[in-house]
Structures are given as C-alpha cells and as structure tokens.
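Tertiary structure, described
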Protein chains: 2
Amino acid sequence: MLDLTVNRDSKPPLYRQIAEQIKTQISNGRLPANSRLPTVRGLARSLGVTRLTVQNAYAELQADGWVEATVGRGTFVSTAVQQMSLQPTVGQYLTPDSAINDMLAINQVIGVRSMAMAHADPALFPIEAFWGQMDRLKPDANQLLSYGPIQGDTGLRVEVSQMLQDDGIPATPDDILITSGAIQSIYLATAAVAQPGDTVLVEQPTFLGVLNILKAQGLRPLHIPMQPDGPDLDQMEQLVSRHRPRCYYTVANFHNPTGYSISAAKRQTILQLAQRHNMLLIEDDIYGKLGFAGPPPPSFKQQDGGDRVLYLSSFSKMLMPGLRVGYLLMPPAWRDQLLTLRRATDLCGTGLLQRALAHFLQDGGLKKHLRRVVPIYRERRDALLASLGRWMPTAVRWTEPQGGFSCWVTLPRRLPPGLLYRQALENGFAFTPGEAYMMEDTGHEYLRLCFGNLSAEGIEAGVKLLSTLIQQQLDSGQTRGDWLPYV
Amino acid sequence: MLDLTVNRDSKPPLYRQIAEQIKTQISNGRLPANSRLPTVRGLARSLGVTRLTVQNAYAELQADGWVEATVGRGTFVSTAVQQMSLQPTVGQYLTPDSAINDMLAINQVIGVRSMAMAHADPALFPIEAFWGQMDRLKPDANQLLSYGPIQGDTGLRVEVSQMLQDDGIPATPDDILITSGAIQSIYLATAAVAQPGDTVLVEQPTFLGVLNILKAQGLRPLHIPMQPDGPDLDQMEQLVSRHRPRCYYTVANFHNPTGYSISAAKRQTILQLAQRHNMLLIEDDIYGKLGFAGPPPPSFKQQDGGDRVLYLSSFSKMLMPGLRVGYLLMPPAWRDQLLTLRRATDLCGTGLLQRALAHFLQDGGLKKHLRRVVPIYRERRDALLASLGRWMPTAVRWTEPQGGFSCWVTLPRRLPPGLLYRQALENGFAFTPGEAYMMEDTGHEYLRLCFGNLSAEGIEAGVKLLSTLIQQQLDSGQTRGDWLPYV
C-alpha cells in the first residue's frame, strides 16, 4: 500500500523524507483514515533503513496529529486529518453527482456545521432498542447471514404491508419488494417501466438522486415548476400532451428540496391527467411520516384503483439510513419485471438487519420513535424559520415546510453560487446550492437548508453566518459570474 | 391483509369457511410464513361472527400445523407450512431467473436436501467472532447507521486492498469499490463498459446470474465452450475477431458450474487476445480463496498492466453471503463511471456490517476461518466424487473440482430434464438442471451438484437417490421430451 522511496543523497533527513511522503499520501487519499501503517520493523526492512529512522518518522506524524498509535494494534491514519485534506475535494463542481458526494463527505468531517443533507439526526437514532432486536436474533444468525429471499425478509414484508394498510393503501406481503433504500426503489421502478430515450416528468426542483438515476438509464427528464400546492397544472397538461412522458416521479409529501406538499385537489387532477394520457406515477413518500401538523393528504396510491402508481418509501428518513432498507409496492403488472431487475442488480438485501427491523416494527418501535423525534424536528423547523426571519436580508424568501427536513431559500437575485458555497465552507458551514436540484445551468438563486441534523442553536448560528455572507454579496453588487472551481 | 368473506347460507360451518380461506391464502403466498393473523376479537368484529367461531377456525389451523400461537404475541403462519405450499411454486420453469428463485426458495425448506446452490455451509459461519466485532461497534452505531461513503467503509477498503496486495494485485484503498456482492459488481462493471446491443463473451456453461444481468441490460451474450483448462481458444479467437465483444466475463478459478480452472498458459493467451482486439475482461474471482490444492494460477488482473481487467470478488462464498459485501477493483479509466452508477443504483451499503467485517479481517478472522473450512469443503468434495463413482450409472461423467462448490455432471444422453428434477424434488432432493447455465434450449444432458452445504452422509444419500432416478430413466428408454411444467 505504502509506496515510499528514500534518497540518501538528499538534504532532508531520512525520517523526514518518510514522514513527508506519508503526509502526501494521506492528503491525496491514497492512505485514508484508519489505514494501518506498516510495522516499524517491516517498513525499516523494506526501505533498508534503521528502525530508529522509522520510529522518528512515525513519532513526527503522531505529534502533528496525522496518525494515532494504539498499543498492541499498530499505527493508524487519524480520522481527524480528514479535515486537513477535505477542503480541496469538496465544492469542485456543482452537478447533482458531486453534490451528493460533497454532502456525504462533509457529513464525515468534524467541525463543519452541515445543513446540506436531508438527514435524520443520528443522535436521535433508537440504537438501544434496535440493538436489542439484533441481539435476540443471534441464535438465528447462521440463517440470517445466508442468502435471503429476493423480495426481502418475509417478516419485514408482513410489517410493511401492515403499515401501508394503516395508511389506507391495500397491500399484501407478497406485493412488497424490500429494497436497499429509496434510490434502489426509484432505479428499479424507472428501469422497469421506461426504456432508454423515454421521457420522465419530474418536479423542478426535484430530489437530486432522481436526476442521477435518469441520466444513468438514458431517460430524459422533463420538468414542471413546483408551486406551494404542487406542480403547475397548466404546464403539466401541455408537457404531458406534447411529450407523452412514460411516468411522473413525484415527492408529493414534504417535497425535497422545497418542503411543499401537493394539495388533495391537485393530486386528483394529476391522477386524472395520468389516466387520460396513460402516464404512470412513481410516488416517493420517503418523508410522509414526518409531518409536523398531522398526516399529509391521501396518497396517489390510495386513490389508484389499479396499476398506475408505483409507490415507494424507505426507513432512511423516518429511522436510520444505514439500515439500507426501503420498500416498493409492486403493482401486479410490474411485479415480474421488478423482481427480475432486482435479481440482476444485487440479488437480495441483508437478512439480519431486515429481520431486526421487522421485530422492531412489530414491537411498535417505529411509532414510538416517531412520537419522540417528530416534535424535535418541528422545533428545529421553528428555529430555522425564526432565525431566517431574524437574520436574513429582507429580500430573501423561503418556504415554510410542514414536514420533512428541507427548506428552500430564494435569493433576491443571482449571486455567484460557488462563491457563497465556498465562503460558507471556509467558515465551517455547509448548505446545498440550488442548481443541484435543477436542470443544467439553472437554480443559481436558490439554496436548500436542512434542519433535521442540527440543534436549534446550531441552526441559528448557521443561518446568521449565511445571512452575513449573503448581505456582503448583495452589498458588493456582484451578480452571477462564472462558476469558480474551488481548487 | 386478510381478505375473508363468510356465507351464512353456505353448507360448511362458518369456522371452517374461515379456516379454509386462510389455508388458501397461505398456500398461494398471500400470507407468508411468520405473518401475524388478526386477533380473535378483531377478526370476529370485522366478519360479524362470534369470537368462538374465530377461535375454532384458529384452533383447526393450529392443529393442522398451518399456524402457531405464541402467548402474548399472537397467532402466526407457521414456517413449516412453506413446505406444504412449496412444491407448486418451484420447478415451473427452468430459466436462469427461475432457477435462482427455486434455489433460494428450496434453501428455506426444511426437509429438502439441497445440492442446488453454490453456497458455503451456514453451520460453519464464524458467528461468534463476527458478532463480537459488531458488539464492539455499538458505541459507533449512530455513525455506522447513518449514510456511509459511496465507495464503502474506509477501513474495509484498507483491508481489502491489503488482501489484494497479498495476492499480488496492486491496489490502494481508493481503487476499491465495496459493493453489495458479486452480482452488483458484475452489474456495475457491465453497465459501465458496455452499451445496450453490445456483445459480451461468456463461458458456456456460465454463472447463471450473469445471464440475467446481460439480459436486464440489453447486452447480447456470446458463448465459448468451457474445457477442463479453460475456454476453447480457437473458437474464442474466431468469435472475438468476428463479433468484437466489448468484454469477456470469466470465472477463471474453480469455475461455476463446472469446477474447472483456466490454466496459466490459456490465461496469457486470452490476455494477449484481449489486448489485440481491445476487449475488456471482467474477472469474477469469487471462489479463488477456496482452493483444495493450494492457490490458483496468477489472476488476469495480476498480469494486467493497466485498465484491461475489472477484477471483482465477494465475501459471500468465502465467509457469509448475508453480509452482502463484495468488492470491485476499479481501473482508473472506469472509476468515475462506476461511482456514478453506484450512486444511481443504491447509493451506498450498510456501514455497520462493513465496519464489523473490516475489524474481522484486521484481526485475521478470515484467514483463520478459511484454514478451518477449506479442509471441510475438500472432504465434502471427496465424498461427492466417491459417491458418484460408487452409485452413478457407468455412462455418467463428472468433473473433479479443485476448489469452490460446484461439480458438473454429464448424462449419457438427453433425459427429460423436468422429470428428473421433479422426481428428485418429490423425494426431497434438489440439484440444478444444466440448462439454467446455458443459452436457451441447450444443456439438457447436464446438471450441477454443489457439495458445500451438506455433510458427507447427506451428499452420499443425495447422489444415491439421483443415481437411482437416472438409472430408471435410462432403463425406461425415454429420451428428451418437451418440458413438463410442474403444476
């Protein structure tokens, strides 16, 4: 792994040469955090230097915080140095692709206050209760760590179908496909119903993951503006008549990134439009159980008599994303095709976590968890709205989300998006620029702030900083320039 | 979930009507094993019958073994009844798709002795050691149950790159993509390098999962006969010159389903051929660490100076498939495309299991496990070969696998494939018919027997039964007829 050379004729002492090369390899990612360095003896032998030389190199690295030594286990690249090497890697581009990468990378960095990711707060995860369910499964571990059913753990499908029925959606366990999260559900659903070259209707802005999925499958997104009560129906009617999109992907409840929900009236009209033009719906209800003022209007699926709606959700936002468990309700007409695709993409999920989740649901763990956390997220939403009202320049506008984790902020005019993003990061604060959620080269006057993951104090501090940066840019009179790469 | 009706004018008593409808729903899969039935009170109310009626229905179901009642938790569909309802669902078709389904379904059935699946023995899984690693992670559970890096847990990538280096394959942690098993690695690799309509070279027979993957992606398989030392090179040269396949998918070590390995000489020739015709290689080394007579010849990847070989493997066969952890070594030229596809298909894997696996590897757990289990699998291979020699009709032939789990049996002539499969199942024994591994409508004189999963005694009993059935068919003079659906 380590690719080191030493030059005996060179000026810096040997131990320093070794230390510097290791630092470089840590910085450029060749040696990630938690990598184990070779033993002193091993490295000394392979480089043909004395052990003392290597010991000195390691000691220097340790003193500067690049590595940590654990007695009896060895020397490891420190996790703290990720911070030293992060900044050059984030913010380079603002495609949906890179925005996801940035979010995940920023998430690992200590010291950055991130409102970039629509993410439940890990500190609120019900670890004890879930771990207890896992422990109870140890006697079955041999079976649960074997291959599981393609459709997912039977017990979990029973519980999920029960949840759906409680929400007014008829479903048997056999209709449920357990997936590795909403992304996989969307991927499978679009791959099943659409062919490369087909058009797919999406909201503008929309969940950035779906833009990646459509691109990967050679599908062409068409977009309709999202309004506070749902998509613009006039434009939708025109687009659908003209382009005959194969399906419409929608986050009808607590929409990401705007926080809007589609009104009951618009849902009915859209469903009729879909029927008239033989358009399918892919209904992503990942935030549906995170409503601050009660449940959202009846879902599209609830009103779908037949095979028009492919409904999906996930435990990522309402529980824990690391479970990698989502679900897709398979209409009979698409069942075989969906199972065939699942079999071809990754065969099956992890039985152990699925079964533990089934027991957790059966014991009422999810309901209990939601009763606890939804009020906390509501408070954070309130803190965000209060902070925005208090600190933001008057011309800035924002949405008032009734659930979920996303708030959509509109700037008074186009500001250099990279500059704002970069300045915020340099001050230890992250958000996601609006263009990540839009078709190419639009969205420069928007940004998304997520409030699930920070305390009320953290939210206020972040908003205050961001407000200052926006005010400075407004004052400077700068308008939108070209995107400046971060490096 | 339960969709029941009662008819007061009908002959059978009400409790019997209820019980029969529940049995039907269990048999047809609407009510899978472990489903919870409604409470007596709830069902009585919803059907408008007395509680005694429901109690009688449940008591009858319980007496016949269809359901199990657990005090304080409710009434559940019994797992044992899967057996009652299995037979109509397996063996209906013999496509690669359905063969995988059958294998997984059969795997769940108690009482069937299955040599159908190339599967490590769950009884040998190192549960204690792995569980110990999970327990140590509980303090980090909040982080490990959040979203993880798209490329996979850093610690795991460090360990995997170390493993690869020990095998003579240069790799840094940053070159590794952790996937949800070999199927996902193959799916991503083919999707990255080939376009719909492209041809892909595969061995004949080949791993049936790859046939599903190619079909799902609109790729066209070309096949070359697999010989004891690898593919037929003359045919390969002709096919490659003529069709210019984009890539060649190969299981070079302990090939599934034949058990063959490609010789060192043929590997070199193939690599030269690939270079000459600009063909990529997808090298699936999932069985490479399961050699009974030492390690296999140097891998294609070891001899690949650059970007020609996409090497992949998985912990499914060498450790536990339920981890859903495989890995793909990304050549720099394909790195971005592979990460983009992973992001679009399922974002990331389960950090908790990945990190536990990293610690397990770091502590030498895998090496220790392999030292223990490979000799056991070797003994089972020996038991299989001895049993085949002792019981099979003289005209039957088979391979002598030097690793992995698969043995490929050739019958003296085409027998009605469905009949043999069905008769074996009826006698509680499962294998996989050869046609699952071949292009359409070929392979009727082959079958695969897997020896990883049964004791020596179980293997002998299975082979003895199968030998008797084959002898009966040979005696009856039947030749290949049309495929008879099982139902």
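Whatever comes next refers back to the structure up there.
Cut-off values and rules
Residues numbered from 1 in each chain as written. Chains lettered and ligands numbered in written order. Predicted model: local features only at pLDDT ≥ 70, side-chain atom pairs only at ≥ 80, totals over all residues. Heavy atoms only, no water. Helix = DSSP H or I, 4+ residues; strand = E, 2+ residues; numbered from the N terminus. Rg over C-alpha atoms; globule rule 2.2 N^0.38 Å. Buried < 20%, exposed > 50% of the residue type's maximum accessible area, 1.4 Å probe, protein only. Contact = heavy atoms within 4.5 Å. Areas by Shrake-Rupley, 256 points an atom, 1.4 Å probe, with all protein chains shown as cover. Expected span 1.5 Å × (residues − 1). Arc of directions from axis to C-beta. Salt bridge = Lys/Arg side-chain N within 4 Å of Asp/Glu carboxyl O. Pairing = 2+ DSSP bridges. Least-squares fit on C-alpha atoms with pLDDT ≥ 70 in both. Core = buried A, V, L, I, M, F, W, Y, C linked by side-chain atoms within 4.5 Å. Polar contact = N/O pair within 3.5 Å; in protein donor to acceptor, adjacent residues only side chain to side chain. Nonpolar A, V, L, I, M, F, W, Y, C, P; charged D, E, K, R; others polar. Axes fitted to C-alpha atoms, helices over the stretch in contact; angles between N-to-C directions. Parallel < 35°, antiparallel > 145°, perpendicular 65-115°, else oblique. Left-handed = near helix turned anticlockwise from the far one by under 90°. Phe/Tyr/Trp six-rings, centres within 6.5 Å; stacked < 30°, edge-to-face > 60°.

What follows is about the overall build of chain A. Summing up its helical and strand segments, chain A has 19 helices and 16 strands in all. Relative to the 2.2 N^0.38 estimate, which gives 23 Å for 487 residues, the radius of gyration of chain A is 25 Å and therefore close to what a compact globule would have. With the C-alpha coordinates aligned to their principal axes, the bounding extent of chain A is approximately 80 × 65 × 45 Å. When burial is assessed residue by residue, chain A has 61% of its 487 residues classed as buried. Taking as baseline every contact in chain A between residues at least 6 positions apart, the subset at least 24 positions apart corresponds to 73%. Counting every atom, chain A has about 18100 Å² of accessible surface; 49% of that belongs to carbon and sulfur.

Residues and elements named next belong to chain A. Its 13 residues place the ends of helix α3 (residues 51–63) 18 Å apart at the C-alpha level, agreeing with the 18 Å of an ideal helix rising 1.5 Å per residue. Taken residue by residue, α3 has T53, V54, A57, Y58, E60 and L61 as its buried positions. Down the axis of α3, the buried set is contained in an arc of 155°. They therefore lie on one face. Seen from the buried face of α3, the exposed residues on the opposite side, beyond 90 degrees, are L52 and A63. One or two steps after α3, the chain reaches G65, where phi turns positive at roughly 85°.

Under the defined criterion, the tally for this structure stands at 29 salt bridges over all chains. We note a salt bridge from D174(A) to R335(A), for which the minimum N-O separation is 3.1 Å. Residue D174(A) is located in the loop between α8 (154–166) and β4 (176–179), and its partner R335(A) is located in helix α15 (residues 332–345); the two are separated by 161 residues in the primary sequence. By relative accessible area, which is 19% here, R335(A) ends up buried. Across the pair R381(B) and D382(B) runs a salt bridge whose closest N-O atoms are separated by 2.9 Å. Owing to a relative accessible area of 37%, D382(B) belongs among the partly exposed residues under this scheme.

Residues and elements named next belong to chain A. Across the five residues of strand β16 (residues 446–450), four count as buried, placing the element largely inside the fold. Judged from the five bridges that link them, strand β13 (residues 406–410) and β16 form a sheet pairing that is antiparallel. Its bridge partner being in β16, S406 is matched across the sheet by C450. As defined by bridge partners, strand β15 (residues 432–433) adjoins β16 across two bridges and the pair is classed as antiparallel. Residue pairing in the sheet places T432 in a bridge with R448 of β16.

The next subject is the relation of the copies chain B and chain A. Overlaying chain B with chain A gives an RMSD of 0.2 Å, the required rotation being 180° about an axis along which the chain moves by 0.1 Å. Those values place the two copies in the arrangement expected of a two-fold rotation axis. For chain B, the minimum C-alpha distance to the rotation axis belongs to T345(B) and amounts to 4.1 Å.

All right, on to the nonpolar core then. By size, the foremost hydrophobic cluster in this structure holds 244 residues, and its most contacted members are F315(A) and F315(B). With residues near it in sequence (within four places) discarded, F315(B) still touches V160(B), M163(B), M320(B), L323(B), V325(B), G326(B), Y327(B), L357(B), L361(B) and L366(B). Counting residues in each nonpolar core, the second largest holds 20 residues, with L43(A), Y58(A), V67(A) and V77(A) among its members.

Time to look at the pairing of strand β4 (residues 176–179) of chain B. All names here are of chain B. Here β4 shows two buried faces, one formed by I176 and I178 and the other by L177 and T179. As paired elements, β4 and strand β11 (residues 326–329) share four bridges and run antiparallel to each other. Following the sheet pairing, L177 is matched in β11 by L328.

Here we come to the environment of E159(B). Residue and element names in this part refer to chain B. By the element assignment, E159 lies in helix α8 (residues 154–166). Judged by relative accessible area, E159 falls into the buried class, the value being 8%. Separated by 304 residues in the primary sequence, E159 and V463 have C-alpha atoms spaced 40 Å apart. Polar side-chain contacts of E159 include one of 3.2 Å to the side chain of Q362.

On the side of chain A, 76 residues touch chain B, which itself brings 76 residues to the contact. Our enumeration of links across chain B and chain A arrives at three salt bridges. K138(A) is paired through a salt bridge with E128(B); the nearest N and O atoms lie 3.1 Å apart. Residues of the side of chain B that touches chain A, tallied by class, amount to 35 nonpolar, 26 polar and 15 charged.

It is worth spelling out the environment of Q227(B) at this point. All names here are of chain B. Note that Q227 resides in strand β6 (residues 220–227). In this structure, the C-alpha to C-alpha distance between Q227 and P149, residues 78 residues apart in sequence, is 41 Å. In contact with Q227, not counting residues within four places along its chain, are D232, Y260 and K266. A polar contact of 2.8 Å, which involves the side chain of Q227, links it to the side chain of K266.

So, about the packing of helix α16 (residues 365–391) of chain B against helix α18 (residues 456–476) of chain B. Residues and elements named next belong to chain B. Relative to each other, α16 and α18 sit at 30°, their axes nearing to 9 Å. Considering their axes alone, α16 and α18 lie roughly parallel with respect to each other. Judged by the twist between their axes, the crossing of α16 over α18 is right-handed. Taken together, the residues of α18 that come into contact with α16 (itself represented by R380, A383, L384, S387, L388, R390 and W391) are A456, I459, E460, V463, K464 and S467. The residue inventory of the contact of α16 with α18, partitioned by class, reads seven nonpolar, two polar and four charged.

Attention now goes to the packing of aromatic side chains. Applying the stated rule across the entire model yields 17 aromatic pairs over all chains. Seen from their ring centres, Y377(A) and F405(A) are 4.9 Å apart, and the 85° between their planes marks the pair as edge-to-face. You can see Y377(A) sitting in helix α17 (residues 365–391) and its partner F405(A) sitting in the loop between β12 (397–398) and β13, a full 28 residues away along the chain. What makes Y377(A) buried here is its relative accessible area of 3%. Judged by its relative accessible area of 1%, F405(A) is buried. With 6.1 Å between their ring centres and 85° between their planes, Y287(B) and F405(B) make a pair best called edge-to-face.

Across residues other than glycine, the phi torsion is negative in most instances, and most of the peptide bonds are trans. Of the consecutive residues N256(A) and P257(A), the connecting peptide bond is found in the cis state with omega at 10°. Mapped onto the fold, P257(A) is located in the loop between β8 (247–250) and α12 (264–276). We note that N34(B) has phi near 75°; this positive angle belongs to a residue other than glycine. Backbone geometry places F254(B), a non-glycine residue, at a positive phi of 50°. Its location among the elements puts F254(B) in the loop between β8 (247–250) and α12 (264–276).

What follows concerns the sheet that holds strand β16 (residues 446–450) of chain B. The strand order across the open sheet formed by four strands is β12-β13-β16-β15 (chain B), and the pairing between neighbours is antiparallel. One side of each edge strand has no neighbouring strand; the edge strands of this open sheet are β12 (397–398) and β15 (432–433) of chain B.

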